[in-house]
Amino acid sequence: MANLFDLTGKVAIVTGGNGGIGKGIADGLASAGSDIVIFARNEDKTAKAVKDIEKKYGVSVLGLKVDVGQEESIQNGVKQALDKFGRIDTLVNNAGVNIRKAPEEYTVEEWDWILGINLRGAFLCAKAVYPAMKKAGSGKIINIGSMTSLYGLAKVLCYACSKAGMVQLTYTLALAWAKDNIQVNAILPGWIDTPLTVSARRDFPGLDEFVLDRTPAGRWGAPADFAGAAIFLASKASDFVTAEYIKVDGGFAQGTNTVHPAAR
Ligand SMILES: NC(=O)c1ccc[n+]([C@@H]2O[C@H](COP(=O)([O-])OP(=O)(O)OC[C@H]3O[C@@H](n4cnc5c(N)ncnc54)[C@H](OP(=O)(O)O)[C@@H]3O)[C@@H](O)[C@H]2O)c1
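Just so you know, these numbers come straight off a predicted model, no measurement behind them.

J.: Honestly, the overall build of the chain in this entry has me stumped. Any pointers?
T.: Within the chain, the regular secondary structure consists of eight helices and seven strands. At 18 Å, the chain has a C-alpha radius of gyration in line with the 18 Å of a compact globule built from 264 residues. Viewed in the frame of its principal axes, the chain has a C-alpha envelope of about 55 × 45 × 40 Å. Out of the 264 residues in the chain, the part that is buried amounts to 47%.

J.: Sorry if this is basic, but what is going on with the site of the ligand here?
T.: Contacts to the ligand come from 30 residues, most closely from G16, G20, R41, N42 and G96. Only helix 1 (20-31), strand 2 (35-40) and helix 6 (195-203) provide two or more residues apiece to the shell around the ligand. Its residues placed into classes, the shell around the ligand shows 14 nonpolar, 13 polar and three charged.

J.: Explain unusual backbone geometry here, please?
T.: Apart from glycine, the bulk of residues carry a negative phi angle, and the bulk of peptide bonds sit in the trans form. Its identity is not glycine, yet N181 carries a phi of approximately 60°, on the positive side. With respect to the element layout, N181 can be found in the loop between helix 5 (157-177) and strand 6 (182-189). Given 15 C-beta atoms within a 10 Å radius, N181 is considered partly exposed. For A243, which is not a glycine, the phi torsion comes out positive at approximately 60°.

J.: I would appreciate a short explanation of the environment of P189 in the present structure.
T.: Here P189 is to be found in strand 6. Residue P189 is classed as buried on the basis of its 30 C-beta neighbours within 10 Å. Setting aside anything within four residues of it in sequence, one finds P189 in contact with I21, I144, S146, G221, V248 and D249.

J.: What should I look at first to understand the sheet that holds strand 6 in this one?
T.: The strand order across the open sheet built from seven strands is 3-2-1-4-5-6-7, with neighbouring strands paired in parallel fashion. Two strands bound the open sheet, and with one partner strand each, they are strand 3 (61-65) and strand 7 (244-248). Recorded for the sheet is a direction-independent mean angle of 20° between the axes of neighbouring strands. Judged from the three bridges that link them, strand 1 (residues 11-15) and strand 4 (residues 90-93) form a sheet pairing that is parallel. Each residue of the ladder has a partner; that of A12, found in strand 4, is T90. Lying on the sheet, helix 1 is in contact with strand 1, strand 2, strand 4, strand 5 (139-144) and strand 6; it crosses strand 1 at an angle near 170°.

J.: How should I be thinking about the pairing of strand 4 in this particular structure?
T.: One face of the sheet, then the other: side chains in a regular strand alternate in exactly this way. Side chains of strand 4 alternate between two faces, with T90 and V92 and L91 and N93 buried alike. As paired elements, strand 4 and strand 5 share four bridges and run parallel to each other. Within the sheet, the bridge partner assigned to L91 lies in strand 5 and is I141.

J.: I'm lost on the nonpolar core in this one. Help?
T.: Burial of nonpolar side chains together is a common tendency in soluble globular proteins. I13, L29, I36, I38, V129, I187 and A230 are the most contacted members of the largest nonpolar core, which totals 74 residues. If we skip the residues at most four places from it in the chain, L29 touches L7, A12, S34, I36, T90, A230, I231 and A234.

J.: Could you clarify how one ought to interpret the packing of helix 1 against helix 8 (residues 227-234) in this entry?
T.: Axes are the key here: two packed helices are described by the angle between their axes and the distance separating the axes. Relative orientation of the contacting elements helix 1 and helix 8 amounts to 55°, with a least axis distance of 8 Å. What the angle tells us is that helix 1 and helix 8 run oblique. The hand of the helix 1/helix 8 crossing is right-handed. Of helix 8, the residues touching helix 1 (which contributes G24, I25, D27, G28, L29 and S31) are A227, G228, A230, I231 and A234. Counted by class, the contact of helix 1 with helix 8 contains six nonpolar, four polar and one charged residues.

J.: Sorry, what's going on with the environment of K163 here?
T.: Structurally, the position occupied by K163 is in helix 5. According to the C-beta neighbour criterion, K163 is buried, with 28 such atoms within 10 Å. On a C-alpha basis, the gap between K163 and A81 in space is 26 Å, while along the polypeptide they are 82 residues apart.

J.: Is there a simple way to explain helix 3 (residues 71-85) in this structure?
T.: Residue pairs spaced three or four apart in an α-helix point in one direction, given the helix's 3.6 residues per turn. Its 15 residues give helix 3 an end-to-end C-alpha distance of 21 Å, which sits within 8% of 21 Å, the value for a rise of 1.5 Å per residue. The complete set of buried residues in helix 3 reads I74, G77, V78, A81 and F85. Along the axis of helix 3, the buried residues cluster in a sector spanning 95°; they form a single face. Facing away from the buried side of helix 3, by more than 90 degrees, are the exposed residues E72, K79 and D83. Where helix 3 ends, the next residue or the one after it, G86, has phi of about 75°, a positive value.

Calculation criteria
Residues numbered from 1 in each chain as written. Predicted model: local features only at pLDDT ≥ 70, side-chain atom pairs only at ≥ 80, totals over all residues. Helix = DSSP H or I, 4+ residues; strand = E, 2+ residues; numbered from the N terminus. Rg over C-alpha atoms; globule rule 2.2 N^0.38 Å. Buried ≥ 20, exposed ≤ 12 C-beta atoms within 10 Å, placed from the backbone. Near = placed C-beta within 6 Å. Nonpolar A, V, L, I, M, F, W, Y, C, P; charged D, E, K, R; others polar. Contact = placed C-beta atoms within 7 Å. Pairing = 2+ DSSP bridges. Axes fitted to C-alpha atoms, helices over the stretch in contact; angles between N-to-C directions. Core = buried A, V, L, I, M, F, W, Y, C linked by C-beta atoms within 7 Å. Parallel < 35°, antiparallel > 145°, perpendicular 65-115°, else oblique. Left-handed = near helix turned anticlockwise from the far one by under 90°. Expected span 1.5 Å × (residues − 1). Arc of directions from axis to C-beta.

Right under this line is the structure:
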């Protein structure tokens, strides 16, 4: 049987692929042979990621300055990707931002900024790649949610709404585009050690202990932990998997912090 996980000749756009979880996913897809397009704002970070991925995996990597909060910027990015590679097989909607505060303290501008990048940006990226995937007769879209796709968290209202929305975006696109042989799935990370959670540890004293206690794996996740799930969802191995989410959380969602340690 041909290697179900081989991505040679494929092209994947990874939003926010220049660092954190997105870089872990870009590394994973590249290690399976996929060429990579990074959409992100920080050009220095992107240039470093491009060099690193090309050197490690020998694939072709295009780093583009794209703000997923801006529709025109997304459309330009998709056009440049198609001009260079002539195809887009995979879209990973990973770019995300957060502001932590009490619900009553958010401004409309903050709501719009967070939802605009995390949720509307994902929708607009999916919309922008759809014509190429439809024409090609296949495609894979991977949306990055969060534990807040499933659970409330008092100080991340806008983020949690955006991440719950990512699951519904996944379900709806999966149903609508199944006829085009496009599979749409989500990955829900648990607590992962990235720049986003460095600030969470600062904002929430005791978070480190909580995560270690609640996560059965007994550690924070790392960006490299996302390679496997991303390769699976981008590859032939998942051709009959759609409208699904995979928790990559070290067991956090089933965490046993309410049970006495001796009884776990
Ligand atoms: N870390 C966790 O524990 C955790 C848990 C659950 C879910 N997640 C989700 O995982 C994803 C990645 O987060 P992370 O932890 O890896 O955080 P991160 O290191 O802060 O990465 C966020 C990425 O998004 C990009 N980005 C932000 N705004 C953008 C915009 N307007 N346009 C294009 N790119 C943009 C950033 O690049 P530029 O700054 O260069 O634009 C960066 O590469 C996010 O969706 C996050 O919500 C993370």
